[in-house]
Amino acid sequence: QVQLVESGGGLVQAGGSLRLSCAASGRTFGSDAMGWFRQAPGKEREFVAAISWNGDNSYYQDSMGDRFTISRDNTKNTVYLQINSLKPEDTAVYYCAAKTDSGAGYAWVDLYTHWGQGTQVTVSS
């Protein structure tokens, strides 16, 4: 049984920071690429960041700037998303996802096979 559980979301003022966590169980976490996506009300789910199985390579949505940092700790089966200088437009449900690391397709939502339930991030102005 594969399970991804996100945590760390909440209500924060613009300019603040959050660190989201995603704990994985029941799967070979150490061989999976992990991604973070987000979905705002009325919008499609969009790619935020991804990281390769060993953490050597990370990928980001260019339009979001450098406010996001993805990292992972394979000893804890956990992936993180640090978000700094939060903006109201960052308000969304944030999801983590896993896929077999093939060396490509990190931003493609359809390639991810396992998803968490999401954590709400709300940024007030």
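Because the structure is a prediction, the values reported are computed rather than measured.

Caption draft 1: Layout of the nonpolar core. Residues M34, W36, V48, V79, L81 and Y94 are the most contacted members of the largest nonpolar core, which totals 25 residues. Taken together, the elements giving at least two residues each to this core come down to β3 (18-25), β4 (32-39), β5 (46-51), β7 (68-73), β8 (78-83), β9 (92-100) and β11 (119-124). Not counting chain neighbours up to four residues away, the residues in contact with V79 comprise L20, S21, C22, F29, M34, W36, I51, I70, S71 and R72.

Caption draft 2: Fine view of unusual backbone geometry. Backbone geometry at N77 places phi at a positive 50°, although glycine is not the residue there. When you line up the elements, N77 lands in the loop between β7 and β8. N77 sits in the partly exposed class, given a relative accessible area of 26%. The phi dihedral of S85 falls on the positive side, at around 50°, and the residue is not glycine. Mapped onto the secondary structure, S85 falls in the loop between β8 and β9. Residue classification places S85 among the partly exposed residues on the basis of a relative accessible area of 41%.

Caption draft 3: Summary view of the pattern of salt bridges. With the rule as written, the count across this model stands at three salt bridges. When the shortest N-O distance is used, the salt bridge between E46 and R38 registers 2.7 Å. R38 gets classed as buried once you look at its relative accessible area, which sits at 8%. A network of salt bridges, in which partner residues are shared, links R38, E46, R67 and D90.

Caption draft 4: Main features of the sheet that holds strand β1 (residues 3-7). Spatial strand order, β1-β3-β8-β7: four strands in an open sheet with antiparallel pairing. Strands at the two margins of the open sheet, each flanked by one partner only, are β1 and β7. In this sheet, adjacent strand axes meet at a mean angle of 15° when their direction is disregarded. With six bridges joining them, β3 and β8 adopt antiparallel strand pairing. Bridged to R19 within β8 is Q82.

Caption draft 5: Quick look at the state of the cysteines. One pass over the full model with this rule turns up one disulfide. Disulfide pairing is shown between C22 and C96; the S-S distance is 1.9 Å. Measuring handedness by torsion sign, the sulfur bridge of C22 and C96 sits at about 45° and is right-handed. Placement of C22 in strand β3 and of C96 in strand β9 is noted, with a sequence separation of 74 residues between them. For C22, a relative accessible area of 0% translates into the label buried. Among the residues examined, C96 registers a relative accessible area of 0% and is labelled buried.

Cut-offs applied
Residues numbered from 1 in each chain as written. Predicted model: local features only at pLDDT ≥ 70, side-chain atom pairs only at ≥ 80, totals over all residues. Heavy atoms only, no water. Core = buried A, V, L, I, M, F, W, Y, C linked by side-chain atoms within 4.5 Å. Buried < 20%, exposed > 50% of the residue type's maximum accessible area, 1.4 Å probe, protein only. Helix = DSSP H or I, 4+ residues; strand = E, 2+ residues; numbered from the N terminus. Contact = heavy atoms within 4.5 Å. Salt bridge = Lys/Arg side-chain N within 4 Å of Asp/Glu carboxyl O. Pairing = 2+ DSSP bridges. Axes fitted to C-alpha atoms, helices over the stretch in contact; angles between N-to-C directions. Disulfide = S-S within 2.5 Å.

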